[in-house]
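# Survey of secondary and tertiary structure
Each chain, letter by letter, is given below.
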Amino acid sequence: MVIKNGNGIVWPDNKRIALMLTFDFDVEWLRYSREGRRSLGFADRSRGEYAIEEGLTRCLRVLDKQNVESTFFVPGKVAETYPEEVKKIAEMGHEIAYHGWEHEDSIDMTQAEEFRNMERAEAVFRKLTGKKPTGARGCWNMTYAFTPELLRKRGYKYSSVMKNCDYAWMYPGDAECPLIEFPVDHTFDDYTFFFFTFNTPQHRSNYPIDYVFDYWTDAFEELASEGDKIMVLKLHPQLIGRASRAVLLDRFITYAKDHDAWIASCNEVADYILEQEMKTTEERRSQR
Ligand SMILES: [Zn+2]
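Fair warning: this is a prediction, and the values are worked out from it, not measured in the lab.

### Thoughts on the coordination of the zinc ion
- The coordination sphere of the zinc ion, as far as protein atoms go, consists of Asp26 (OD), His99 (NE2) and His103 (NE2), spread over 2.1 to 2.3 Å.
- For the zinc ion, the donor residues sit on a single chain with the sequence spacing D-x72-H-x3-H. Here aspartate 26, found in the loop between strand 1 (17-24) and helix 1 (29-35), pairs with histidine 103, found in the loop between strand 3 (95-98) and helix 6 (111-129); they are 77 residues apart in sequence, far enough to count as distant.
- Since its relative accessible area comes to 1%, aspartate 26 is described here as buried.

This is the structure:
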């Protein structure tokens, strides 16, 4: 692995940190993909449905009020099932990125299967938004040995699934088709703090709002003081979109803005990094 963008990158307007607010719009497929449709009770399934109306509406309202752009990772099947909601996300200026076809929970995925999933999802996104996604996030924190090459082949710029550092970094390989990684972590994931189900005892989390606010702002301060770091929040409208948690999101964005964060979509940060990378390469060439 070659880490490239922790090495003194200066964010636009000398901002202290690049903050990416990302939302996994998994709706019912978050639970379908792990529990199967049959074993999942109606009540548990309805948690996913919360994302479709109030959860999403509240998240979009907060983003709109704060005037920030974000990235929504959307499984293709979700976009096919809820086209109006996905169109609305895009119309409000947010990025739509790839997140599997049915939020697959598979360690045995083959390249051919993933190729087909991407092809199908991209076709739905193109129909709804007129655009092809430029970024991807593996479902259930999974990625495969073939993923970087597949993403490159299909014209993607970035992935956001690894956990190895707080830098954006470049995958080794073809410099003509650069692929950036935006690592994310479970401690920046609302699922860790707020996912509660009676079905699985290990998932009975409901942390106090102030605890999570302090956790995230402490992390923000430490990373921002280091100067060239990123922070990727991984959120789910069915969890962060609950009333008191939407207030948490709003509070955290206000804090980040007041403390000099550059808040942008993953696509925008990827473009900025690639632009900086190109400038550095040209400077090196002209010095020879
Ligand atoms: Zn997901």
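### Some thoughts on the packing of helix 2 (residues 42-49) against helix 3 (residues 51-66)
- Running from N to C, helix 2 and helix 3 cross one another at 40°; their axes reach a closest spacing of 7 Å. Each of Arg47, Gly48 and Glu49 in helix 2 lies in contact with helix 3, whose residues at this interface are Ala51, Ile52 and Glu53.
- Looking at the contact of helix 2 with helix 3 residue by residue, the classes come out as two nonpolar, one polar and three charged.

### A short note on the pairing of strand 1
- Within strand 1, eight of the eight residues are buried, leaving the element largely enclosed by the surrounding structure.
- The two faces of strand 1 match: Ile17, Leu19, Leu21 and Phe23 on one face and Ala18, Met20, Thr22 and Asp24 on the other face are all buried.
- Inspection of the sheet shows strand 1 paired to strand 9 (residues 261-263) by three bridges, in the parallel sense. Bridge pairing in strand 9 links alanine 18 to tryptophan 262.
- In terms of strand pairing, strand 1 meets strand 8 (residues 230-235) through six bridges, oriented parallel. Bridge pairing links phenylalanine 23 to leucine 235 in strand 8.

### A few points about the pattern of salt bridges
- Applying the stated rule across the entire model yields 14 salt bridges.
- For glutamate 84, the salt bridge is made with lysine 87, and the minimal N-O distance between the two is 3.6 Å. Taken together, the residues span about one helical turn, with glutamate 84 and lysine 87 both in helix 5 (residues 83-91) at a distance of three residues.
- For the salt bridge of arginine 152 with glutamate 149, the shortest nitrogen-to-oxygen distance reads 3.1 Å.

### A closer look at the nonpolar core
- The biggest cluster of nonpolar side chains holds 72 residues, and the ones touching the most others in it are Phe25, Phe72, Trp216 and Met231.
- Excluding its chain neighbours within four sequence positions, the residues that come into contact with phenylalanine 72 are Phe23, Phe25, Leu56, Leu60, Leu63, Ile89, His94, Glu95, Ile96, Ala97 and Pro237.
- Ala168, Phe182, Ala264 and Tyr272 belong to the second-largest nonpolar core, a separate cluster that totals 22 residues.

### What about a nonpolar patch on the surface?
- Residues Tyr207, Tyr211 and Tyr215 make up a contiguous nonpolar surface patch of about 280 Å² in total accessible area.
- Examined against the element boundaries, tyrosine 211 turns out to sit in helix 9 (residues 209-226).
- On the basis of relative accessibility, which here comes to 40%, the residue tyrosine 211 falls in the partly exposed class.

### Notes on the pairing of strand 8
- Among the six residues of strand 8, six are classified as buried, and the element is accordingly described as predominantly covered.
- Because side chains alternate across strand 8, one face comprises the buried residues Ile230, Val232 and Lys234, and the other comprises Met231, Leu233 and Leu235, equally buried.

### Observations concerning the packing of helix 3 against helix 11 (residues 243-258)
- Closest axis-to-axis distance for the helix 3/helix 11 pair is 10 Å, and the angle between their directions is 20°. The angle between the axes of helix 3 and helix 11 places the two elements in the roughly parallel class. For the pair helix 3 and helix 11, the crossing hand works out as right-handed. Residues Arg58, Val62, Leu63, Lys65 and Gln66 of helix 3 pack against Ala243, Ala246, Leu249, Asp250, Ile253, Thr254 and Lys257 of helix 11.
- Looking at the contact of helix 3 with helix 11 residue by residue, the classes come out as six nonpolar, two polar and four charged.

So, how was this worked out
Residues numbered from 1 in each chain as written. Predicted model: local features only at pLDDT ≥ 70, side-chain atom pairs only at ≥ 80, totals over all residues. Heavy atoms only, no water. Donors = N, O, S within 2.8 Å, 3.2 Å for Na, K, Ca; no water. Helix = DSSP H or I, 4+ residues; strand = E, 2+ residues; numbered from the N terminus. Buried < 20%, exposed > 50% of the residue type's maximum accessible area, 1.4 Å probe, protein only. Axes fitted to C-alpha atoms, helices over the stretch in contact; angles between N-to-C directions. Contact = heavy atoms within 4.5 Å. Nonpolar A, V, L, I, M, F, W, Y, C, P; charged D, E, K, R; others polar. Pairing = 2+ DSSP bridges. Salt bridge = Lys/Arg side-chain N within 4 Å of Asp/Glu carboxyl O. Core = buried A, V, L, I, M, F, W, Y, C linked by side-chain atoms within 4.5 Å. Patch = residues over 30% accessible without salt bridge, like charges linked within 9 Å, V, L, I, M, F, W, Y side chains within 5 Å. Areas by Shrake-Rupley, 256 points an atom, 1.4 Å probe, with all protein chains shown as cover. Parallel < 35°, antiparallel > 145°, perpendicular 65-115°, else oblique. Left-handed = near helix turned anticlockwise from the far one by under 90°.

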